[in-house]
Amino acid sequence: MSEHNTPLIQVKHLKKYFPAGRKEVVKAIDDISFDIYERETVGLVGESGCGKTTTGRINLVLYDKTDGQVLYRGQDVHQMSRAERYRFKKNAQIVFQDPYSSLDPRMTVADIIGEGIDVHHLAANKRERLEKIYSYLRAVGLNESHASRFVHEFSGGQRQRIGIARALAVEPEFIMLDEPISALDVSIQAQVVNLLIRLQREKGLTYLFVAHDLAMVKHISDRIVVMYLGTVVETAASDALYGKPMHPYTQSLIAAVPIPDPEKERRRSEETIQGEATIAGATQGCRFRTRCKYATEACAREMPSLREVEPGHFVACHNLDQVGR
Amino acid sequence: MDNLLEIKGLRVSYHTYQGEVQSVRGVDLEIGQEESVALVGESGCGKSVTGKSILRLIQAPGEILPGSQITFDGRDVLSLSKKELRAYRGGQASIIFQDALAALNPTMTVGRQIMENLLYHRKIGKREARAEAIRLLGEVGIPNPEKRVDQYPHEFSGGMRQRVMIAIAFACQPQLLIADEPTTALDVTIQAQIIKLLKQLQRENHTSILMITHDLGVVASIAQRIFVMYSGVIVERGSSDDIFYRPRHPYTRALLQAVPRMDQEGKQELNSIEGTPPDLIAPPEGCPFASRCKYAMPVCARLAPEVTDFGGGHRCACWLYHEMAPRVAELNDPDAAPAGEEVGQ
Ligand SMILES: Nc1ncnc2c1ncn2[C@@H]1O[C@H](COP(=O)(O)OP(=O)(O)OP(=O)(O)O)[C@@H](O)[C@H]1O
Ligand SMILES: Nc1ncnc2c1ncn2[C@@H]1O[C@H](COP(=O)(O)OP(=O)(O)OP(=O)(O)O)[C@@H](O)[C@H]1O
Ligand SMILES: [Mg+2]
Ligand SMILES: [Mg+2]
């Protein structure tokens, strides 16, 4: 990782609280910090509702923050001038988790993809514009005949790919990919992921990749950040994280991956599925402790902070010496 | 045993400006009582359209073409009256839509949406319905359900919305549950919990499940039988073991091989299937997979393949199994099947 030593994005002590009913708040993100280096893919994983989408949206200034900072090339993204914001909007793109509601139903696919090309003047003339649109459609496994259709005419996976083509068309430096391939079958997943990896090599793109498919995250990511209920519990290089997961939550996450083999699934012990996803509203101490079999008194008292346990491998846990590896 | 659902020769087309999109082109599928069946296949091949057809949810410009047959519990679904249809949908058969946000009403709290379904299909009072809604939210793993019940869909995360959809579908304890990619947005621990819940629902209420998904791991953990769809037709069907250990169709095989493995190091290229599926406005006359199939013969492009029966309900539509066709060792040898050591832990 020595080749890229300037972080493209720095997330510093970021917090986001949403109001929920009278006087109450949902602490969607509660003091998280991590860096994303240039030309790197950071995988962001964690349980549904742990704050992944919120983190990505704040990074792209689609949400305000409650506290903390997000720096892009050293500059606070929430304090940009109008001109800086315009440039940032070209450089940083997002592929939304929910493809249908994020694509304008009144626009044709050609115009959805072409919009960014127009706004940022990326095509010299109409022909070049159309050629670009076609080439992005083909790159995500769609074709020219799809260009004049409307979003509701597409299947779930096809819509997801339109979202990816739209983001790529702006020729960004950084893309936040929020579950970009969840609705795709394995073959097209492979095609899209191969495309992302190739573009990264050729154009030096940087990705923040949110997904729940751990095999895919491992495949595409250089480093992985594991979140649990608004906090970061572990971060490490991808191979290190899978080879030697240290946080009890990460361990249970990896153990729960379903295996595409009915025989193995039948033999799978119920053990791995334990740790019910019912989360008590822990406000103090480690947020995972209610489901953790290693939890001690200390875990209820104090929130563990991230410690570098091995070079580049950070874990937030009080009982690392107890946790079986 | 009588089947709960029987589909015969289902054809569905969308009449668009550019022509007739033939989304489903003659699908036969049946689901037994208390059975879990999975429908898998490439993005855009017609899985959701098939699922929606079962509940007659195809809207114009789409049309279920004449000659199609759908029988539920002995009744002809395609000739149900409006009133019968209302009791059927959500009551006897319900669907978890693929697009959770678009399917939820943004102006109504999540609790109201679950309650509405309960009040309509079950004879219970308002207070009871609310308690039941809270219980269901808890079951699908939503934290603090007593508070969350009064929130709106946009206040939920993507996976939480998907789980709200699951709670709504569970609410009426249907005989048939069509789950269209129900766990796509869910992480593995919650996915495991939802699958457990589906199995429990099946045991306790004798529900049959049609699981539409591309996730072969999920399929392996829940389905008794699998239908593999490609470009609007079923290309292979069989027991879960048949499909995973003895796949016959070259598409099924390629699908199993494209799964990424947890034991792979670094960013290598994944196996993808070269090429794209055919345009459904002008589908090919022969086998739809022919243009991407590495075993394709001249006949494949010209004539729709005959179905070969391998016994025990394992059937495959492919010319390679015709008695005149050359034998392809890797497709005939069960030991060369791709499952097994594919994904090591
Ligand atoms: N606009 C909002 N208003 C209120 N609460 C919100 C809002 N957006 C998100 N939340 C809450 O913040 C928390 C984190 O949500 P977020 O969407 O970031 O989760 P996520 O990690 O992306 O989950 P998933 O994997 O299910 O998509 C959740 O509890 C969610 O209900
Ligand atoms: N309203 C519509 N108008 C025109 N074409 C449509 C419409 N709805 C679906 N289609 C087409 O029908 C085909 C089948 O769509 P369907 O939604 O069933 O795919 P799917 O197998 O569920 O795919 P995915 O896995 O991506 O969800 C697709 O090629 C799609 O483009
Ligand atoms: Mg999300
Ligand atoms: Mg679909």
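Per chain, residues are indexed from 1 in the order of the written sequence. Here every chain gets a letter starting at A, and every ligand a number starting at 1, in the order they are written. In keeping with the model being predicted, local features are shown solely for residues with a pLDDT of at least 70 and side-chain atom pairs are shown and tallied solely at 80 or more, while totals for entire chains, interfaces and linings include all residues. Only hydrogens and water are removed before side-chain values are computed, so all heavy atoms of the structure are retained for them.

(A) Geometry of the coordination of the magnesium ion (ligand 4). Residue and element names in this part refer to chain B. With water excluded from the atoms, a metal site may look incomplete; its donors are any N, O or S atoms within 2.8 Å, or within 3.2 Å for Na, K and Ca. Taken together, Ser 48 (OG) and Gln 98 (OE1) make up the protein donors of the magnesium ion (ligand 4), found 2.0 to 2.2 Å from the metal. Remark: Gln 98 occurs in the loop between strand S7 (93–96) and helix H3 (100–103) and Ser 48 occurs in helix H1 (residues 47–54); sequence separation between them is 50 residues. In this scheme, a residue with accessible area under 20% of its type's maximum is buried, one over 50% is exposed, and one in between is partly exposed, where area comes from a 1.4 Å probe on protein chains only. Overall, Ser 48 belongs to the buried group, its relative accessible area being 16%. Residue Gln 98 is classed as partly exposed on the basis of its relative accessible area, which comes to 21%. Here a strand is any run of E in DSSP of at least two residues, a helix any run of H or I of at least four, and the numbering for each starts at the N terminus.

(B) Quick look at the coordination of the magnesium ion (ligand 3). Taken together, the protein ligands of the magnesium ion (ligand 3) are A:Thr53 (OG1) and A:Gln97 (OE1), with distances of 1.9 to 2.2 Å. Of this pair, A:Thr53 sits in helix H1 (residues 52–59) while A:Gln97 sits in the loop between strand S6 (92–95) and helix H3 (99–102), and the two are 44 residues apart along the sequence.

(C) Spotlight on the packing of helix H7 (residues 158–171) of chain B against helix H8 (residues 188–205) of chain B. Residues and elements named next belong to chain B. Inter-axis angles, ranging from 0 to 180 degrees, are taken between N-to-C directions of lines fitted to C-alpha atoms, where helices are fitted over the stretch in contact. Where H7 contacts H8, the axes come no closer than 12 Å and their chain directions differ by 5 degrees. Comparing the axis directions of H7 and H8 gives the class roughly parallel. Of H8, the residues touching H7 (which contributes Arg 163, Ile 166 and Phe 170) are Ile 190, Ile 194, Leu 197, Leu 198 and Leu 201. For the contact of H7 with H8, a count of residues per class yields seven nonpolar, no polar and one charged. Throughout this description, any angle smaller than 35 degrees is read as roughly parallel, any larger than 145 degrees as roughly antiparallel, any in the 65 to 115 degree range as roughly perpendicular, and the remainder as oblique. Only heavy atoms enter the contact rule, under which two residues are in contact if any of them lie within 4.5 Å. Just so you know the grouping, Ala, Val, Leu, Ile, Met, Phe, Trp, Tyr, Cys and Pro go in nonpolar, Asp, Glu, Lys and Arg go in charged, and all remaining residues, Gly too, go in polar.

(D) Representation of the site of ligand 2 in the model. Around ligand 2, the surrounding shell holds 20 residues, and the nearest of these are A:Ser155, A:Gly157, B:Ser23, B:Ser43 and B:Gly44. Surrounding ligand 2 is a set of residues that belongs to chains A and B. Contact distances for ligand 2 include 3.2 Å between an oxygen atom and a backbone N or O atom of B:Cys45. Using a 1.4 Å probe, accessible areas were evaluated by the Shrake-Rupley method; residue-level cover was limited to the displayed protein chains. Protein contact buries 94% of the 650 Å² of open area that ligand 2 shows by itself. Counting only elements with at least two residues in the shell around ligand 2, the list comes to helix H6 (156–169) of chain A together with strand S1 (3–16) and H1 of chain B. Split into classes, the residues belonging to the shell around ligand 2 amount to five nonpolar, 12 polar and three charged. The near set for a molecule or strand comprises every residue that places at least one heavy atom within 4 Å of it. In protein, a polar contact means a hydrogen-donor-capable atom and an acceptor-capable atom, both N or O and within 3.5 Å, with residues adjacent in sequence counting only if both atoms are side-chain atoms; elsewhere, any N or O pair within 3.5 Å suffices.

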